[in-house]
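Fold and contact review
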Amino acid sequence: MSFSEFEPSQIQNIGRQVLRSQSAALASVEHCLDDSFVSMVEMIVNSPGRLVVTGMGKAGFIAQKISATFASTGTPSLFLHPADAVHGDLGRIGPGDVVLALSHSGETEEMTRLLVPLERVSVPVLAITARKESSLGRGAKYCLAMGKVEEAGNGLAPTTSTTLMLALGDALSMAVQDCRGFTADQFAQFHPGGALGRKLMKVHEVMRQGEMLPVLSVEAKLPEVLAVMTETQGRPGACMITEKNGALVGMFTDGDLRRLLESNRFEASQTARDIMIPNPKTVRPDQQVTEAAKLLRTYHVDQVPVVDAEHRPVGLLDVQDLLSLKFL
């Protein structure tokens, strides 16, 4: 049949049937998370070396993704192509490493050929395959057996089996991550770029500081406050007010100046103490920028002071800076 002979509903049903098939397989594969799963997690967590993930064909692409997930969540990992491995790349594997091998059939020649040389160098093999009785399943120290898997569609291309391998690999990596006590801060170290990197940034990485910090004491006169607000590098349109001990006690912004003028309460002799808004919302340098952005949105403010443990201002977070970084 040509494309023109298919009704749109027929095409949609093909896709839906694939999704239903894979969803049902995912729901049924929980049975293989047995004691072997726990032992595999323990071995990976306690390994002094790397997790080497390998697979042939479509399983190889899944192995690459699983390896990348482990690497980004605290477990040093690399992908090794099984065909390259038997032609010299086994030298990439060293003492303390663990191999995670993926094969639906468990009989793929390139995979089973790895078992003997890995045993010779005392590198344990973990397997994700259909049957523990397969060659790979028998040769592995621990095995997650998916059971018989019917591939979606016409059953010719690996579909459902690779989906299950990916899900089981994710289950392993997340369990290992939690058992390691892997934190968001550690995760951020491996993801400095893109939207994810921005999401994990800390306030101290984006705050204004040094010469860009508009700060005056409570005794400063109103004209001094206005000068700092407009002449400080970056024209912050705000001034942080401090006591003699350096602690932040108030804030004055362009909006406060407008309200002062509208109410005819503007007097040049006024001090910062007279005009400031006391006890402004603040953030700490080690907070995530996403938390600070939420505070700005919640309280409809354009700037938020950044204070240290003694409540002294060490930075200023400005809405314009967050907009330029696409936090808002």
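Here's a quick rundown of the structure. (Residues numbered from 1 in each chain as written. Predicted model: local features only at pLDDT ≥ 70, side-chain atom pairs only at ≥ 80, totals over all residues. Heavy atoms only, no water.)

Here's the deal with the overall build of the chain
Assigned secondary structure in the chain consists of 16 helices and 11 strands. Its C-alpha atoms give the chain a radius of gyration of 30 Å, more than 25% over the compact-globule value 20 Å for 328 residues. Overall size of the chain, expressed as C-alpha extent along the three principal axes, is 90 × 60 × 35 Å. When the 328 residues of the chain are sorted by exposure, 44% land in the buried category. Within the chain, residue pairs in contact and separated by at least 24 positions form 68% of the contacts whose partners lie at least 6 positions apart. Side chains of the chain carry 31 positive and 37 negative charges; the gap between the two charge centres is 1 Å. (Helix = DSSP H or I, 4+ residues; strand = E, 2+ residues; numbered from the N terminus. Rg over C-alpha atoms; globule rule 2.2 N^0.38 Å. Buried < 20%, exposed > 50% of the residue type's maximum accessible area, 1.4 Å probe, protein only. Contact = heavy atoms within 4.5 Å. Lys, Arg positive; Asp, Glu negative; His and termini not counted. Charge placed at Lys NZ, Arg CZ, Asp CG, Glu CD.)

Here we look at the sheet that holds strand β1 (residues 51-55)
In spatial order, the strands read β2-β1-β3-β4-β5; together these five strands make up an open sheet with parallel pairing. In this open sheet, the two strands that pair with only one neighbour each are β2 (77-79) and β5 (142-145). When strand polarity is set aside, the average angle formed by the axes of neighbouring strands in this sheet is 15°. Two strands pair when backbone bridges link them, and strand β3 (residues 98-102) and strand β4 (residues 125-129) are joined in this way by four bridges, in the parallel orientation. What sits directly across from Ala101, in β4, is Ala127. Strands in contact with helix α2 (residues 35-46) are β1, β3, β4 and β5; relative to β5, the strand with the most contacts, it is inclined by about 130°. (Pairing = 2+ DSSP bridges. Axes fitted to C-alpha atoms, helices over the stretch in contact; angles between N-to-C directions.)

Quick look at the sheet that holds strand β7 (residues 238-242)
Taken together, four strands build an open sheet; the order of strands is β6-β7-β8-β9 and the sheet is mixed. Looking at which strands have only one partner, the edges of the open sheet turn out to be β6 (215-217) and β9 (277-278). The sheet contact formed by strand β8 (residues 248-253) and β9 spans two bridges and is antiparallel. Bridge pairing links Gly250 to Pro278 in β9.

Looking at helix α3 (residues 58-72)
Between its terminal C-alpha atoms α3 stretches 22 Å, which fits the 21 Å expected from 15 residues at 1.5 Å a residue. All of the buried residues in α3 are Ala59, Gly60, Ile62, Ala63, Ile66, Ser67, Thr69, Phe70 and Ser72. Following α3 by one or two positions, Gly74 adopts a phi angle in the positive range, close to 100°. (Expected span 1.5 Å × (residues − 1).)

Considering the environment of Arg113
By the element assignment, Arg113 lies in the loop between α5 (109-112) and α6 (115-120). In this structure, the C-alpha to C-alpha distance between Arg113 and His87, residues 26 residues apart in sequence, is 11 Å.

Observations concerning the packing of α2 against helix α8 (residues 160-180)
The interhelical angle for the contact between α2 and α8, taken along N-to-C directions, is 55°, at an axis separation of 9 Å. On the basis of their axis angle, the class for α2 and α8 is oblique. Seen from above, α2 lies across α8 with right-handed handedness. On the side of α2, the interface is formed by Phe37, Met40, Val41, Ile44 and Val45, while α8 contributes Ala171, Leu172, Ala175, Val176, Cys179 and Arg180. Among the residues making up the contact of α2 with α8, the classes are represented as 10 nonpolar, no polar and one charged. (Parallel < 35°, antiparallel > 145°, perpendicular 65-115°, else oblique. Left-handed = near helix turned anticlockwise from the far one by under 90°. Nonpolar A, V, L, I, M, F, W, Y, C, P; charged D, E, K, R; others polar.)

Quick look at the side chain of Asp318
Along the chain, the position of Asp318 falls in strand β11 (residues 313-318). Setting aside anything within four residues of it in sequence, one finds Asp318 in contact with Arg208, Pro236, Asp302 and Gln303.

Quick word on the packing of helix α1 (residues 8-28) against α8
Packing of α1 against α8 leaves a shortest axis separation of 10 Å and a crossing angle of 40°. Judged on the interaxial angle alone, α8 and α1 are oblique. When you trace α1 past α8, the crossing you get is right-handed. For the pair α1 and α8, the contacting residues are Ser21, Gln22, Ala25 and Leu26 in the first and Thr160, Thr163, Leu164 and Ala167 in the second.

Looking at the side chain of Asp256
Looking at the secondary structure, you find Asp256 in helix α13 (residues 254-262). With relative accessibility at 11%, the residue Asp256 sits in the buried group. A distance of 2.8 Å separates the side chain of Asp256 from the side chain of Arg259, its partner in a polar contact. Here Asp256 is in contact with Met251 and Ile277, once residues within four sequence places are set aside. (Polar contact = N/O pair within 3.5 Å; in protein donor to acceptor, adjacent residues only side chain to side chain.)

Looking at the nonpolar core
Judged by nonpolar contacts, the single largest core of 29 residues is most densely connected at Leu100, Leu102, Ile128, Leu144, Met146 and Leu172. Elements supplying a minimum of two residues to this core: α2, β1, α3, β3, β4 and α8. Ranked by residues supplied to this core, first place goes to α8 with six residues. Other than its neighbours up to four places away in sequence, Leu102 contacts Val53, Thr54, Gly55, Met56, Ala59, Ile62, Ala63, Ile66, Met111, Ile128 and Met165. (Core = buried A, V, L, I, M, F, W, Y, C linked by side-chain atoms within 4.5 Å.)

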